[in-house]
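If you want the building blocks of each chain, they are given just below.
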Amino acid sequence: MQLLSVDEYEAPARGRLPADVWAFLAGGSGSESLIGGARRALDRIRLRPSVLVDVSRCDPATTVLGGALAAPLGVAPMAYHRLCHPQGEVASARAAGEQGALYIASMFASRTLEEIAEATSGPRWLQLYWLREREVLLGLIERAEAAGYGALVLTVDAPRVARRLRDLRHGFALPDQIRAANLDPAVMAATHGSRPGDSGIARHSREQFDASITWADLDWLRARTRLPLVLKGILDPEDARRAVAHGVAGVVVSNHGGRQLDHAIPSMEALPEIADVVAGQCAVLVDGGIRSGIDVLKALALGADAALIGRPVLWGLACGGQAGAAAVLGLLREELTEAMVLSGRPSVASLDRGLVAGY
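Summarised in this report is the structure supplied together with it.

The rules behind these values
- Residues numbered from 1 in each chain as written.
- Predicted model: local features only at pLDDT ≥ 70, side-chain atom pairs only at ≥ 80, totals over all residues.
- Heavy atoms only, no water.
- 1 Å grid on protein atoms, 1.4 Å probe; cavity = no way out; pocket = protein on both sides within 12 Å on 5 of 7 lines; lining within 4 Å.
- Points joined across faces, edges and corners; volume = space filled by probe spheres on them.
- Nonpolar A, V, L, I, M, F, W, Y, C, P; charged D, E, K, R; others polar.
- Helix = DSSP H or I, 4+ residues; strand = E, 2+ residues; numbered from the N terminus.
- Salt bridge = Lys/Arg side-chain N within 4 Å of Asp/Glu carboxyl O.
- Buried < 20%, exposed > 50% of the residue type's maximum accessible area, 1.4 Å probe, protein only.
- Contact = heavy atoms within 4.5 Å.
- Polar contact = N/O pair within 3.5 Å; in protein donor to acceptor, adjacent residues only side chain to side chain.
- Phe/Tyr/Trp six-rings, centres within 6.5 Å; stacked < 30°, edge-to-face > 60°.
- Lys NZ or Arg CZ within 6 Å of the ring centre and 35° of its normal.

**Observations concerning the layout of surface pockets**
- By volume, the largest pocket amounts to about 940 Å³.
- What lines the largest pocket is a set of 46 residues, and nearest its centre among them are Leu-25, His-256, Gly-257, Arg-259 and Arg-311.
- For the lining of the largest pocket, the residue count by class is 23 nonpolar, 12 polar and 11 charged.
- Elements supplying a minimum of two residues to the lining of the second largest pocket: strand E6 (152–155), helix H9 (215–222) and strand E7 (229–234).
- Considering every element that reaches the lining of the second largest pocket, the biggest residue donor is E7, with 3 residues.

Okay, here's the thing in structure tokens:
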């Protein structure tokens, strides 16, 4: 059957993956309140289209931190793509390039930074968690600079990995053949070796993540790289204000796909106020529950410069490797273009708060 919407990739992807891997990818923290909450927040947003506008030529192209994109889309940083397909991040990076999307590689990628860089044909950034061993962090940054990555994305909402019941029930740990290809095996040892009632991913975070970092540490990091810094996991407008004061180049409004603080505010509800506080002083990206071009349109109208796509890229990867991931991104791009035509907004710059009813 031809897959005609992003949601249609979910079921066949689930059928292709082991139960414990699917639980790891699909699950959230605690009661998983945000798995459905992200969708409900998006569905509550209603649009007010303009008519008698020349939309004979609609162009979704844009730039983010100087990188040209065919559409304001990016692949969110997610670990271990080889859980979904043998080519892993190389396949998803090629898919992003094929569709003119931003690619953000996870520090826990299952392919090397250099392999991913070679596979990308568009803007690429590197995501980081702050490890206790700062020399490991600096080594990744040096490699990213040498491989042509355009920005660093520091995840700031995960001083530790939250309690995720699906992982605990499966005693989830990485299979022996899949590892974080860019880190010393000794640093990642806890992610392997299944234990009943425990998560190797959470165990690793307790051992390796530095939960003591504060805003002052950002200055230390910025002094050691020429790359712009983006903070991922911002939900509080005051944190967005602090980020701007500390000279960051961008923020990602994100609740970590519902995998960190249970009952946190959905990203789309946090986005408008954060965009207002930032007021163009840095880039604003958003993720969380985005499943259609209409969702992307809503995000842009509420103040985002681009939307990041998470789980659906992995669904596409599981269904068809590079071609499947590219098809998911292509659907979003096509749907966004149609939504721009039907809403009377012929360019990304024309997507403003007036498109959203009640704002």
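Following the structure, the description resumes.
**Description of the pattern of salt bridges**
- For the structure on display, the rule yields 14 salt bridges.
- Salt-bridge contacts for Lys-232 lead to Asp-287; the nearest nitrogen and oxygen are separated by 3.6 Å. One end of the pair, Lys-232, is in strand E7; the other, Asp-287, is in the loop between strand E9 (283–286) and helix H12 (293–301), and 55 residues separate them in sequence.
- Classification of Asp-287 as buried rests on a relative accessible area of 6%.
- Residues participating in the shared-partner salt-bridge network are Arg-39, Asp-43 and Asp-295.

**What about H12?**
- Extensive coverage of H12 is indicated by the burial of 8 of its 9 residues.
- Inspection of H12 places Gly-293, Asp-295, Val-296, Leu-297, Lys-298, Ala-299, Leu-300 and Ala-301 among the buried residues, and these make up the whole buried set.
- Check the buried side of H12 and you find it contacts helix H3 (33–44), strand E3 (73–75), helix H11 (267–278), E9, strand E10 (306–309) and helix H13 (311–343).
- Looking at where H12 begins, the residue whose side-chain oxygen comes 3.4 Å from the main-chain nitrogen of Ile-294 is Ser-292.
- One or two positions beyond H12, positive phi appears at Gly-303, with a value near 120°.

**Concerning the packing of aromatic side chains**
- Taken as a whole and judged by the stated rule, the model has 6 aromatic pairs.
- Between Tyr-80 and Phe-108 the ring centres are 6.3 Å apart and the planes differ by 15°, which places this aromatic pair in the stacked class. With a gap of 28 residues between them, Tyr-80 in the loop between E3 and helix H4 (89–98) and Phe-108 in the loop between strand E4 (102–105) and helix H5 (113–119) connect regions that are remote in the sequence.
- Relative accessible area serves as the criterion here: at 6%, Phe-108 is assigned to the buried category.
- Between the aromatic rings of Phe-108 and Tyr-129, the centroid separation amounts to 5.5 Å while the plane-to-plane angle is 20°, which identifies the pairing as stacked. Taken together, the residues Phe-108 in the loop between E4 and H5 and Tyr-129 in the loop between strand E5 (124–128) and helix H6 (134–146) connect sequence positions 21 residues apart.
- Taken together, Tyr-80, Phe-108, Tyr-129 and Phe-209 form an aromatic cluster joined through their ring pairs.
- Here the guanidinium or amino end of Arg-124 rests over the ring plane of Tyr-149, the centre of that ring lying 5.6 Å away.

Purely spatial values, then, with no claim about function.
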